[in-house]
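Structural description and commentary
These are the residues of each chain, in order.
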Amino acid sequence: MSEAVSSPPTHPDTRTNGPSDTRTVSRVAVASLIGTTVEYYDFAVYGTAAALVLGPAFFPSGSATVQTLAAFLTFAAAFLARPVGVVLFGTIGDRLGRKRALVVSLLLMGVATVGVGLLPTYETAGLLAPVLLVALRLLQGVSMGGEWGGAVLLAAEHAPPGRRAMFASIPQVGPLLGFLLSSAVILPTLSIAGRDGFAAGAWRVPFLLSALLIVIGLWVRTRVTESPVFAERGRTAGAAPRFPLGTLLKEHPRRLVLGIGAGIGGSSVYYLTVVYSLSYGPKALGIPQSTMLTAASVGAVAAAATTVPAARLADRVGRRPVILAGAIGCVLWALPMFGSLNTRNGLVITGAFTVGLTLFTLMFAPIAAFLPELFPARLRYTGASATFILANTLGGGFAPLVATWLNSHWASPLALGAYAGGLCLVSLACVLALPETRDGEFEL
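Please read these numbers as outputs of a predicted model, since none were measured by experiment.

Calculation criteria
Residues numbered from 1 in each chain as written. Predicted model: local features only at pLDDT ≥ 70, side-chain atom pairs only at ≥ 80, totals over all residues. Heavy atoms only, no water. Helix = DSSP H or I, 4+ residues; strand = E, 2+ residues; numbered from the N terminus. Rg over C-alpha atoms; globule rule 2.2 N^0.38 Å. Buried < 20%, exposed > 50% of the residue type's maximum accessible area, 1.4 Å probe, protein only. Contact = heavy atoms within 4.5 Å. Areas by Shrake-Rupley, 256 points an atom, 1.4 Å probe, with all protein chains shown as cover. Phe/Tyr/Trp six-rings, centres within 6.5 Å; stacked < 30°, edge-to-face > 60°. Lys NZ or Arg CZ within 6 Å of the ring centre and 35° of its normal. 1 Å grid on protein atoms, 1.4 Å probe; cavity = no way out; pocket = protein on both sides within 12 Å on 5 of 7 lines; lining within 4 Å. Points joined across faces, edges and corners; volume = space filled by probe spheres on them. Nonpolar A, V, L, I, M, F, W, Y, C, P; charged D, E, K, R; others polar. Axes fitted to C-alpha atoms, helices over the stretch in contact; angles between N-to-C directions. Parallel < 35°, antiparallel > 145°, perpendicular 65-115°, else oblique. Core = buried A, V, L, I, M, F, W, Y, C linked by side-chain atoms within 4.5 Å. Salt bridge = Lys/Arg side-chain N within 4 Å of Asp/Glu carboxyl O. pLDDT = per-residue confidence, 0-100.

**What about the overall build of the protein?**
- Along its length, the protein carries 19 helices and zero strands.
- Computed over C-alpha atoms, the radius of gyration of the protein comes to 21 Å, within 12% of the 22 Å expected from 2.2 N^0.38 for 444 residues, which places it in the range of a compact globule.
- For the protein, the spread of C-alpha atoms along the three principal axes comes to 60 × 45 × 40 Å.
- Counting across all 444 residues of the protein, residues that qualify as buried make up 62%.
- Of the contacts formed within the protein by residues at least 6 apart in sequence, a portion of 87% connects residues at least 24 apart.
- For the protein, the exposed area adds up to about 15500 Å²; of that, 69% sits on carbon and sulfur atoms.

**Here's the deal with the packing of aromatic side chains**
- According to the stated counting rule, one finds eleven aromatic pairs in the structure shown.
- Plain terms: the ring middles of tyrosine 270 and phenylalanine 360 are 5.6 Å apart, the flat faces sit at 25° to each other, and that makes the pair stacked. Here tyrosine 270, found in helix 12 (residues 253–285), pairs with phenylalanine 360, found in helix 15 (residues 346–364); they are 90 residues apart in sequence, far enough to count as distant. For the pair tyrosine 270 and phenylalanine 360, a shared accessibility class is recorded, and that class is buried.
- By way of ring pairs, the aromatic residues Trp148, Tyr270, Tyr271, Phe360, Phe364 and Phe388 are connected into one cluster.
- Directly above the ring of tyrosine 46 sits arginine 137, whose terminal nitrogen or CZ lies 3.8 Å from the centroid.

**Section: empty space enclosed by the protein**
- Summed over all chains, the structure comprises four cavities of 30 Å³ or more.
- Taken as a whole, the largest cavity holds about 90 Å³ of empty space.
- As for the largest cavity, its lining consists of eleven residues, and the residues nearest its centre are Phe43, Ala44, Tyr270, Tyr271 and Val275.
- Secondary structure elements with two or more residues in the lining of the largest cavity: helix 1 (22–58) and helix 12.
- Among the elements that line the lining of the largest cavity, the one with the most residues is helix 1, at five residues.
- Considered class by class, the residues forming the lining of the largest cavity number nine nonpolar, two polar and no charged.

**Concerning unusual backbone geometry**
- Positive phi outside glycine occurs at arginine 344, with the angle close to 60°.
- By the secondary structure assignment, arginine 344 is in the loop between helix 14 (319–339) and helix 15.
- In this structure arginine 344 comes out as partly exposed when scored by relative accessible area, which is 46%.

**Some thoughts on the environment of glycine 150**
- Structurally, glycine 150 is set in helix 5 (residues 128–158).
- Along the primary structure glycine 150 and valine 103 are separated by 47 residues, whereas in three dimensions their C-alpha atoms are 9.8 Å apart.
- With residues up to four places along the chain from it excluded, the contact list for glycine 150 reads Leu102 and Tyr381.

**Side note on the packing of helix 3 (residues 98–118) against helix 9 (residues 210–221)**
- Close contact between helix 3 and helix 9 brings their axes to 9 Å; oriented N to C, the two are set at 170°. The orientation of helix 3 with respect to helix 9, classified from their angle, is roughly antiparallel. Residues Lys99, Leu102, Val103, Ser105, Leu106, Leu107, Gly110, Thr113 and Val114 of helix 3 pack against Ser210, Ala211, Ile214, Gly217, Leu218 and Arg221 of helix 9.

**Quick word on the nonpolar core**
- Ranked by internal contacts, the top residues of the largest apolar core, which has 119 residues, are Leu54, Phe58, Phe179 and Leu341.
- Among the elements that line this core, the one with the most residues is helix 12, at 15 residues.
- Beyond its immediate stretch of four places on either side in the chain, leucine 54 contacts Tyr46, Ala49, Phe59, Ala71 and Trp203.
- One finds Ala81, Ile92, Leu102 and Val142 within the second-largest nonpolar core, a separate group that totals 14 residues.

**Structural notes on the pattern of salt bridges**
- Summed over all chains, the structure comprises nine salt bridges.
- Among the salt bridges present, the one from arginine 98 reaches aspartate 94, with a minimum N-O distance of 3.2 Å. Of the two residues, arginine 98 and aspartate 94, both sit in the buried class.

**So, the environment of cysteine 424**
- Within the secondary structure, cysteine 424 is located in helix 19 (residues 414–433).
- For cysteine 424, a relative accessible area of 0% translates into the label buried.
- Between the alpha carbons of cysteine 424 and valine 331 there is a distance of 5.8 Å; along the sequence they are 93 residues apart.
- Non-local contacts of cysteine 424, meaning those with residues more than four positions away in its chain, are made with Gly265, Val269, Ala327, Cys330, Val331 and Met363.

**Topic: the confidence of the model for the protein**
- Taken over all residues, the pLDDT of the protein has a mean of 85, while the share at 70 or more is 90%.
- When mean pLDDT is compared element by element in the protein, helix 14 scores highest at 97, while helix 10 (residues 228–233) scores lowest at 74.
- Long-range and interchain partners of residues 1–20, a stretch whose pLDDT sits below 50, account for 58 contacts in this model, where long-range means more than four residues apart.

Given below as structure tokens:
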């Protein structure tokens with residue numbers, strides 16, 4: 001079984017794998033960023049709504065814990081559907097083009113998210129309401145399965161020499177901007193409608209506003225050019241296998257498994273911070289909802305601001321040193337970060353989350369180039385998507401469920417720190433087992 005991508009050149013990026021037209025490269029970077037921002041806005045809106053109101057609205061029960069678990073189960077359901085998106089959009093992206101896969105994935109996400117905003121609640125439609133909710137969440141998951149790989153590839157394969165990690169990291173700002181954008185919509189809506197008004201129906205507003213964002217995202221994405229790497233080597237169906245995932249499993253199983261492990265720790269830190277804590281802080285510790293949203297938002301701003309600088313550093317010193325530094329930092333900081341919730345002090349929590357999400361960025365930013373560079377062009381969309389999405393599913397999708405279970409047995413936020421720190425140790429070990437990819441041949 002082959003594990004080599006190809007013979008490395010004598011210097012990283014010595015061959016030009018992107019157009020020299022700066023305007024074209026910039027347009028592609030903006031298109032990739034807008035797309036991931038919109039997709040993750042939709043996902044963040046659902047995560048926040050699940051933490052606040054979706055349990056009582058769609059899963060009536062006498063137990064608040066049962067309601068929260070049910071809402072987070074639908075959150076996890078979308079992650080379970082992501083592998084379907086990997087297969088579907090990986091095949092489209094490797095055989096028919098990166099751009100085509102990205103346009104379809106964004107459209108699918110828009111239909112699903114607006115649909116959630118239009119759903120009847122359990123009180124109105126009975127069991128049909130949660131069934132429809134789960135169905136739309138599955139559609140969101142399928143869409144997300146194809147989004148990340150295509151966005152980072154479109155940016156990376158257009159990138160000028162020596163700046164691949166930097167351009168690949170630009171779509172990585174999207175999840176953070178998506179969360180901030182969702183908070184910018186949800187916080188004023190909560191303030192205007194109040195907690196009762198939000199639960200009564202104002203929660204639909206952030207979902208319905210997604211329609212405008214989807215239109216903007218589609219307009220931008222349809223105007224960009226196809227990846228020059230795909231145009232050169234992957235335009236015909238024969239350039240990629242009929243079933244890329246099967247070939248990937250046959251030719252690169254070790255890199256696939258280790259790539260998944262490399263991303264699992266960062267995913268846990270992110271989702272425990274910006275999703276689970278929004279429910280856990282107010283319900284278990286009595287911390288005001290606005291305090292938790294503010295802490296997570298400030299941390300996300302810091303992470304967004306350090307994403308591109310961290311990726312530029314990875315272009316200079318290599319992917320592995322930066323990712324390893326982030327993993328070690330998260331292992332050491334996980335307990336203090338979540339332990340800060342015991343203080344119930346907004347400034348302390350905000351500071352702890354800001355440090356934690358900045359350390360997370362050291363893992364998150366370079367991995368956008370690191371994972372695609374593990375695989376050849378004919379399998380790259382599938383390989384990049386499979387590693388990142390499965391890491392996201394295992395480390396992030398189930399994080400709220402595992403955390404809810406942990407806190408039902410150990411009523412301390414330190415349990416969250418131990419969980420996140422343990423998964424970051426897994427990432428640390430996997431990155432150590434993988435080769436440096438900065439100097440690898442990216443075109444073949």
